[in-house]
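# Descriptive structure summary
In case you want the letters, here they are:
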Amino acid sequence: MGFIDSHILSFMTFLPLLGAAVILCVPKGKDETIKWIAAAASFLPVLLAVRLWFIYDRTMAGVNVASQFQFVEHYSWIPSINVEYFVGADGISMPMLLLTALLSFLAVIGSWGIDKKIRGYMALFLLLETGMMGTFIALDFFLFYVFWEVMLLPMYFLIGVWGGPRKEYAAIKFFLYTLAGSILMLIVLLALYFNTTNPDTGAHTFNLLHYMSQSTHNGWLKGFDVRILLFLGLFIGFAIKVPLFPFHTWLPDAHVEAPTAISVILAGVLLKMGTYGLMRISFPVFPDVTVYFALPMAILGVINIIYGALCAMAQSDLKKLVAYSSVSHMGFCLLGMAALTPLGMVGASMQMFSHGMITAMLFFLVGVVYDRAHHRQIDGFGGLGVVVPIYTAFIGFAFFASLGLPGLSGFIAEQLVFLGSFPVFRTLVIIGAVGIIFVAAFHLWALQRVFLGPLNPKYATLDEINAREIFCLAPLVVLILIVGVWPMPVMNLMNASLVRLVDLVKAVI
Amino acid sequence: MFLGNLASVGYFLPEFAVTATILLLVVLHVVTKNPKSTAFGFLSLLGVGAAILLAGVAPAGAGRSIFEGMVAHDGFAIFFKVLTALATLVVIFMSMDSRDLAGRSQAEYYVFLLSTLLGMFLLSSATDIVMLYLALELVSIPSYLLAGYLKGQEHSTEAAMKYVVYGATASGVMIYGFSILFGLTGSTQVAEIGRSLAAGKATLPMLLAAVMVAVGFGYKIAAVPFHMWSPDVYEGAPTPATAFFSVGPKAAGFAVLVRFYYTVFAAADPGTGLWRLTSSVDWPFLFAALSALTMTVGNLVAVKQDNVKRLLAYSSIAHAGYMLMGFVLLTSAGIKAILFYLVVYLFMNLGAFYVVVMVSNATLGEEISDFTGLGSRAPFAAVALAIFLFALTGIPPFSGFIGKVYLFAEVINRGVYWLAVVAGLNSVVSLYYYARIVRAMFLEEPKDASAIPVPAVSMAMLVLLAAPTMILGVYWEPVARIAADSVRMLAF
């Protein structure tokens, strides 16, 4: 186990890629084989993630100290410009790694019904998983950027080839938006590279941890105006991914057109990359600007909560409703982070983890009904509760988790966010808390229209949810319940690092 | 310390190899009964292959000025010789495969191709303005013939005509600029001209000369506003020739651009890797503006194109704009970025054209709609084309991304942020039109779903072009080192 343990992050990242390579070599016509290979290649990271959970030392903080990271691998990659293969895990990345491994595996199982060009689908999906994992483990900015961009191509094809009726439009819109953000990030990345030095060698560096020590910054980078511009460049790049209010318009299109499993990954993992990037890079590298922009960020967060909820309420398409609910929920993350208190930060991180699971459930469930009814119009159903009771139970659970019912994980996360940010932004938190009413309203209203009331005779013979679909949902149900009742294990995972992060940012005040 | 004529011969072997091949082709063409034989193609391959080997094993050293100061033999020239010869090699393969050229006389075509190559060899090493002008014409005139090679096709004839008129005008303006320089300094030696100009204070005539010469070189690299010829020529010429124009003469154009401006209008600061302007003529700013204009016009117009060859023509204009960014910075790292970019550009652009040749052979068309459903009709070629197109966009993990990183990095290092932002926005725009082809290939269903056969040779060639495009995106240290060394040896 020694070798595996010391390279566990690399294994988690590149096993899916290996799986993709194997899939490309499978002879024609063996679709079942391809699916099983994909399942195996995405299940192994789950096993490794379980191992990570047990061997991760929860007292080590990470964030800006290299020696406090765990499972570190540090090799030179391109020596002439000091690009390194530098990966490691800390409390910021751990929950995301676990979430990515789990959701990727479930998404492969959820894609079992895909019958068109299965080879390409699975290969691209596994490549996507490599990109996601890599982004969460990278501690070298160049490496981070490469992984970040590697996700774009598979996502474009997965939406564009296997998506719904407006797939071409949605795919290119997603691609263009994200690329625009990435290019900004690239410019910031290069500006940071040329204006910082590795304290050991005196050469320029892409090492993120070096950037976090302000002493490595040269004179130009110390100017506050410059730092504001660089921060904003990064922020827009990440905000497009989250997505924050003015940059969110790609999301409804992409989510609605993407095939079910890809929506799950988009909402469950990809959105988290934006907030993860803020925690991993923006906050610790530019603590002074973070403090300066704390209030605007909190306002954006609250706008997201309310605006997302109101948009969701106006939707007639169930999937679009779920998509906008993500906009709303990601607002909580930003509010919690902007408060710059340990509690708020943990709340934000919890929200990322918990929303990943809840939204995955919601998209799976919407996919289930779409597969059977071939439409998703909320008003086109009615009284489904009698026909498909098990399915209704699942979706009821997911909806209540999503609206923040106590005892489920969403409640814990939102409460932590509110508790953490209330002392800092009183008015905003009160407004945000009112937003919860809207969140609850659109969930309950949709639930009522689809599952209660008189039965729509068209769907009197709708098939009940099947075993494979339940297999995708059950682990999420269990986890949402456990985290909702007993969140301490997960909070312990992230606590040390987030406290360190808050200290690091607060140190500049 | 110029080498005399006889002593120089040993440093001129690649040129001799190409010349010998040309002569042999001419003689064989007269003697043979079958001028359409593919043997001419193989013979050209051998000749160019020999030239690459001879250029590659060239005697090392700090660089020499040979033939009484007419031609430089240094790392910079060798780099471009190998690069342009490689491009020619791929284009010969492509030509042997092309439907455009089948049934036409082969020998003449290859004679023109190799003559252009010889011209590019000389252009990238010329250090005397007379030599330089001759070399430029030696590149241009066979190019006109190549563009018009499809005798009887209106497009091809129009292309050649347009090319001649634009080329003649541009080179006329350029030689007028040369004459001003000669009048100011009384020398035809580039290095000597540079020294004299640095000593004098003739700002206005220098500005005039700098601008006029820029017209000639700008035409060769197809920079806006001297690009008007290129879309029509690219569309009308036989596709392999188009591929050739988009890489070979463009690379040679960059070689002469760098060598000329960095010698005549700037001087190196030894040991710093920097150049400084020798006069108040701010030509770097002029070219920075041209760079921004070139990439923006190239990309914006490409968005509207439905013909893939035209689209790639505009895209190659845009790429010249990106590469010009490296030229305006007056640093060796900037030149290195251009050299690196040219290497990755060679593979990705020729690769894209290779697939276009294959598709137009099979479907008789070059419109984007002819690519519909290629993903299922010829999956291998379609995936390869997608790789080339995304590399051209500059998306990791493909080599084009690394090329862009080097260019962007040096621009940012020198603090020209506005140019970096313009280039960044351009990259986003370029994604849109490259993705249109990808969309047609993979996202849309074909009307005619019959499989397109891909010959084994083409498949192998695509692998040879796609492999560097992918490998250089993940591990590019050796190429970066070669590019850096080639700059360092730049001797005037």
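Along every chain, residues carry numbers that run from 1 in the direction the sequence is written. Just so you know, chain letters begin at A and ligand numbers begin at 1, following the order they were written in. Where local features are concerned, this predicted model is filtered to residues with pLDDT of at least 70; where side-chain atom pairs are given and counted, the filter is 80 or more; whole-chain, interface and lining totals use all residues.

### Digging into the overall build of chain A
Helical segments are the DSSP runs of H or I of at least four residues, strand segments are the runs of E of at least two, and each set is numbered from the N terminus. The helix and strand tally for chain A stands at 23 helices and two strands. The C-alpha atoms of chain A give a radius of gyration of 22 Å, which matches the 23 Å a tight globule of 509 residues would have. Counting all 509 residues of chain A, 61% fall into the buried class. For chain A, the proportion of contacts with a sequence separation of at least 24, taken over those separated by at least 6, is 79%. Only C-alpha atoms enter the radius of gyration; for comparison, a globular chain is expected to reach 2.2 Å times N to the power 0.38, where N is the number of residues. Three exposure classes are used, based on other C-beta atoms lying within 10 Å of a residue's own C-beta, which is placed from the backbone: buried for 20 or more, exposed for 12 or fewer, and partly exposed in between. By the convention adopted here, residues are in contact when the distance between their C-beta atoms, placed from the backbone, does not exceed 7 Å.

### Observations regarding the overall build of chain B
Across its full length, chain B carries 20 helices and four strands. Taking 492 residues into account, the globule formula puts the C-alpha radius of gyration at 23 Å, and chain B, at 22 Å, falls close to it. When the backbone C-alpha atoms are referred to their principal axes, chain B occupies close to 70 × 55 × 40 Å. Residue burial in chain B is summarised as follows: out of 492 residues, 61% are buried. A sequence separation of at least 24 residues applies to 80% of the contacts in chain B between residues at least 6 apart.

### Focus on the environment of V30 of chain B
Residues and elements named next belong to chain B. Here V30 shows up in helix α2 (residues 13-31). Judged by the 9 C-beta atoms lying within 10 Å of it, V30 is exposed. For V30 and R414, which are 384 residues apart along the polypeptide, the C-alpha to C-alpha distance reads 57 Å.

### Considering the interface of chain B and chain A
Facing the 23 residues of chain B at the interface are 24 residues of chain A. Looking at the side of chain B that touches chain A, the elements that each hand over two or more residues are α17 (399-413), α18 (417-443) and α20 (477-488) of chain B. The element that contributes the greatest number of residues to the side of chain B that touches chain A is α18 of chain B, accounting for eleven residues. Residue classes in the side of chain B that touches chain A are distributed as 17 nonpolar, three polar and three charged. Each residue is assigned to one class: nonpolar for Ala, Val, Leu, Ile, Met, Phe, Trp, Tyr, Cys and Pro, charged for Asp, Glu, Lys and Arg, and polar for all the others, Gly among them.

### Here's the deal with the packing of helix α17 (residues 342-373) of chain A against helix α23 (residues 488-506) of chain A
Residue and element names in this part refer to chain A. Every axis in this analysis is a line fitted to C-alpha atoms, fitted for helices over the stretch in contact. Angles between the N-to-C directions lie between 0 and 180 degrees. Here α17 crosses α23 at 135°, and the two axes come no closer than 9 Å. Comparing the axis directions of α17 and α23 gives the class oblique. At the point where α17 passes α23, the crossing takes the right-handed sense. Each of P342, M345, V346, S349, M350 and F353 in α17 lies in contact with α23, whose residues at this interface are V490, M491, M494, N495, L498, V499, L501 and V502. Counted by class, the contact of α17 with α23 contains twelve nonpolar, two polar and no charged residues. In these notes the angle categories are as follows: under 35 degrees is roughly parallel, over 145 is roughly antiparallel, 65 to 115 is roughly perpendicular, and the rest is oblique. Each crossing gets its handedness from the near helix: less than a right angle anticlockwise from the far helix is left-handed, clockwise is right-handed.

### Looking at the pairing of strand β4 (residues 274-277) of chain B
Residue and element names in this part refer to chain B. Pairing between strand β3 (residues 266-269) and β4: four bridges, direction antiparallel. By the bridge assignment, A267 is partnered in β4 with R276. Hairpin geometry of β3 and β4 is characterised by an intervening segment of four residues between the two adjacent antiparallel strands and by a positive phi of about 85° at G271. One requirement defines pairing of two strands: DSSP has to find at least two bridges between them.

### Some remarks on the packing of α17 of chain A against helix α19 (residues 389-403) of chain A
Residues and elements named next belong to chain A. At a minimum axis separation of 9 Å, α17 and α19 run at an interaxial angle of 145°. Taken as a pair, α17 and α19 cross one another with a handedness that is left-handed. Between α17, through I358, M361, L362, L365 and V368, and α19, the contact on the second element is made entirely by Y391, F394, I395, A398, A401 and S402.

### Concerning the nonpolar core
Buried Ala, Val, Leu, Ile, Met, Phe, Trp, Tyr and Cys residues whose C-beta atoms connect them within 7 Å together make up a nonpolar core. Counting 408 residues, the largest nonpolar core has L97 of chain A together with Y341 and F408 of chain B as the members making the most contacts within it. The element contributing the most residues to this core is helix α14 (residues 332-363) of chain B, with 22 residues.

### Side note on the confidence of the model for chain B
A score between 0 and 100, pLDDT records how confident the predictor is in each residue. Looking at chain B as a whole, the pLDDT averages 88, with 98% of positions reaching at least 70. Interface scoring of the predicted complex returns ipTM 0.89; its pTM is 0.92.

### Regarding helix α19 (residues 456-474) of chain B
All names here are of chain B. With 19 residues, α19 extends 27 Å between its outermost C-alpha atoms, agreeing within 8% with the 27 Å of an ideal straight helix rising 1.5 Å per residue. Inspection of α19 places S458, M461, L462, L465, A466, T469, L472 and G473 among the buried residues, and these make up the whole buried set. The buried residues of α19 all sit within an arc of 135° when viewed along its axis, so they share a single face. Exposed residues pointing more than 90 degrees away from the buried face of α19 are listed as A456, V457, A460, V463 and A467. For a helix, the expected span equals 1.5 Å multiplied by the residue count minus one. Starting at the helix axis, one direction is taken to each C-beta atom, and the arc is that of these directions.

### A look at unusual backbone geometry
That bond from V224 of chain B to P225 of chain B is cis: its omega, 5°, falls within 30 degrees of zero. Topologically, P225 of chain B is positioned in the loop between α9 (203-221) and α10 (229-236). Between P396 of chain B and the following residue, P397 of chain B, the backbone shows a cis peptide bond with an omega angle of 5°. Summarising the element assignment, P397 of chain B is placed in the loop between α16 (379-393) and α17. For N82 of chain A, which is not glycine, the phi dihedral falls at a positive 60°. Tracing the backbone through its elements, the reader meets N82 of chain A in the loop between β1 (70-78) and β2 (83-89).

### Comments concerning helix α6 (residues 129-147) of chain B
With 19 residues, α6 of chain B extends 27 Å from end C-alpha to end C-alpha; this agrees with the ideal 27 Å at 1.5 Å per step. For α6 of chain B, every residue scored as buried is listed here: I129, M131, L132, A135, L136, V139, S140, P142, S143, Y144, L146 and A147 of chain B.

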